[in-house]
Amino acid sequence: MANIELKNITKRFAKTTALADVSFDIRDGEFFVLLGPSGAGKTTTLRVIAGLEQPDSGGVLFDGAPADAMTTPERDVAFVFQQYSLYPTMTVFDNLAFPLRAPSRQIPEASIKERIGEVAEKLRITHLLDRKTARLSGGEMQRVSIGRAIVRDPRIFLMDEPLSNLDFKLREALRVELKHLQKTRASTTLFVTHDQIEALTMADRIAVLNNGKVVQIGTPHDIYDRP
Ligand code: ADP
Ligand code: ADP
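Note that the structure is a prediction, hence the values are computed from the model and not measured. (Residues numbered from 1 in each chain as written. Chains lettered and ligands numbered in written order. Predicted model: local features only at pLDDT ≥ 70, side-chain atom pairs only at ≥ 80, totals over all residues. Heavy atoms only, no water.)

K.L.:
So what exactly am I meant to see when it comes to the overall build of the protein chain here?
P.N.:
Within the protein chain, the secondary structure is distributed over eight helices and ten strands. Taken over the C-alpha trace, the protein chain has a radius of gyration of 18 Å; the compact-globule value for 227 residues is 17 Å, and the two agree within 12%. Taking the principal axes of its C-alpha atoms as reference, the protein chain extends roughly 50 × 40 × 35 Å. Counting over 227 residues, the protein chain shows a buried share of 50%. For the protein chain, the share of sequence-separated contacts (at least 6 apart) that also reach a separation of at least 24 residues comes to 69%. (Helix = DSSP H or I, 4+ residues; strand = E, 2+ residues; numbered from the N terminus. Rg over C-alpha atoms; globule rule 2.2 N^0.38 Å. Buried < 20%, exposed > 50% of the residue type's maximum accessible area, 1.4 Å probe, protein only. Contact = heavy atoms within 4.5 Å.)

So, in C-alpha cells, the structure goes:
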C-alpha cells in the first residue's frame, strides 16, 4: 500500500513562493503526472514528498501517517533525478547493485546478478554493464539511473523528467516500458514533466501546476477532451 496525500503544502525560498497551499492525493498504484512549465514548483513538490525539503506549512501523509515521522527505509521512496547521480568511477553493474548491496538487505550476490540482468535487459543496457558510468552518453546514463531506482522495487517511485535527455525514439520506447513496469509492479509513481505528450500518454491522472498552485487535476480525458 502506498497512498500519498499532500495537505496544504506551502514552501517559500526567500522571496519566491515555490508552492502555495498545494493539496492533492496520489492513490495506491497510480501513475500520477505532475505537469507544468519550468519554475511551476514540480521539483520542489517531489523533494517535499521525498523528505529532502521541509515545507513551511502543511504536510505529507503516507497511508495516512505523517511522512516526516518516518525513517528513510520506512518511506521506501526511489528518486530518479533529472541530473544523473551515478557513481562515475564504478561500473554500470556496480551502480545498479549499489541499492541491493546495502548490508541491511543481505541479498546473495547470485540473486543480485539475476535481478540486474532482468532490469538491464528491459532498459537495453546489458552491453554496458562492465563500463564505467563516466564514459556513457547522456541517454545511457539516464537509463542506468532509472535502472538503479527500479532494481529494488520501491513502494513509491518519484521521477523528475527522467526522459528529457533522451532522443525521440528512445524516449518513446522508454515511455511504454516505464508505464508497463509500473503497471506490472503496481508501485505508486509520481512523474514530473513539462511535456504534454508524456503526460497524456502515461498518466492515470494529471495535476497541472502553475506558479506553485494546482490549476487542474483529473484524468487525461478530463483535462484535454472536455470543451
Ligand atoms: P519546476 O520543477 O517546476 O521547474 P521548481 O520546483 O524547481 O520548479 O522551482 C519552483 C520555484 O522555486 C522557482 O521559482 C525556483 O527558482 C524556486 N526554487 C526552487 N528551489 C529553490 C532553492 N533551493 N532556492 C531558491 N529558490 C528555489
Ligand atoms: P527544474 O529543471 O525541475 O526546474 P532546476 O534545474 O530548476 O529544476 O533545479 C535543480 C535544483 O536546483 C533543485 O534542487 C532546486 O531545488 C534547485 N533550485 C532551483 N531553483 C533555484 C534557485 N533559484 N536557487 C537555488 N536553487 C534552486
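K.L.:
How should I be thinking about helix α5 (residues 138–150) in this particular structure?
P.N.:
Residues separated by three or four positions in an α-helix point in the same direction, a consequence of the helix having 3.6 residues per turn. With 13 residues, α5 should reach 18 Å at 1.5 Å per residue; the first-to-last C-alpha distance of 19 Å fits that figure. For α5, the set of buried residues is G139, E140, M141, Q142, R143, V144, S145, I146, G147, R148, A149 and I150. Looking at the buried residues of α5, the elements they touch are β6 (77–80), α3 (92–97), α4 (109–123), β7 (156–160) and α6 (168–185). (Expected span 1.5 Å × (residues − 1).)

K.L.:
In this structure, what is going on with the packing of α5 against α6? I would like to understand it.
P.N.:
Relative orientation and spacing of two packed helices are given, respectively, by the angle between their axes and the distance between those axes. Interaxial distance between α5 and α6 falls to 13 Å at its minimum, and their mutual angle equals 0°. In terms of their interaxial angle, α5 and α6 are classed as roughly parallel. Here R143, I146 and I150 of α5 come into contact with α6, specifically with L170, L174, L178, L181 and R185. Classifying every residue of the contact of α5 with α6 by side-chain character gives six nonpolar, no polar and two charged. (Axes fitted to C-alpha atoms, helices over the stretch in contact; angles between N-to-C directions. Parallel < 35°, antiparallel > 145°, perpendicular 65-115°, else oblique. Nonpolar A, V, L, I, M, F, W, Y, C, P; charged D, E, K, R; others polar.)

K.L.:
Teacher, can you tell me more about the site of ligand 1 here?
P.N.:
Taken together, F13, T16, A18, P37, S38, G39, A40, G41, K42, T43 and T44 are the residues near ligand 1. Take A40: an N or O atom from its main chain is 3.1 Å from an oxygen atom of ligand 1. T44 has a polar side-chain atom sitting 2.6 Å from an oxygen atom of ligand 1. Out of a free accessible area of 560 Å², ligand 1 has 59% covered by protein chains. Judged by its atoms lying within 2 Å of the grid points, ligand 1 is housed in the second largest pocket. Going through the elements one at a time, β2 (16–26) and α1 (42–50) are the ones with two or more residues in the shell around ligand 1. It is α1 that provides the largest number of residues to the shell around ligand 1, a total of three residues. A breakdown of the residues in the shell around ligand 1 according to their chemical character gives four nonpolar, six polar and one charged. (Near = heavy atom within 4 Å. Polar contact = N/O pair within 3.5 Å; in protein donor to acceptor, adjacent residues only side chain to side chain. Areas by Shrake-Rupley, 256 points an atom, 1.4 Å probe, with all protein chains shown as cover. 1 Å grid on protein atoms, 1.4 Å probe; cavity = no way out; pocket = protein on both sides within 12 Å on 5 of 7 lines; lining within 4 Å. Sits in = over half its atoms within 2 Å of the grid points.)

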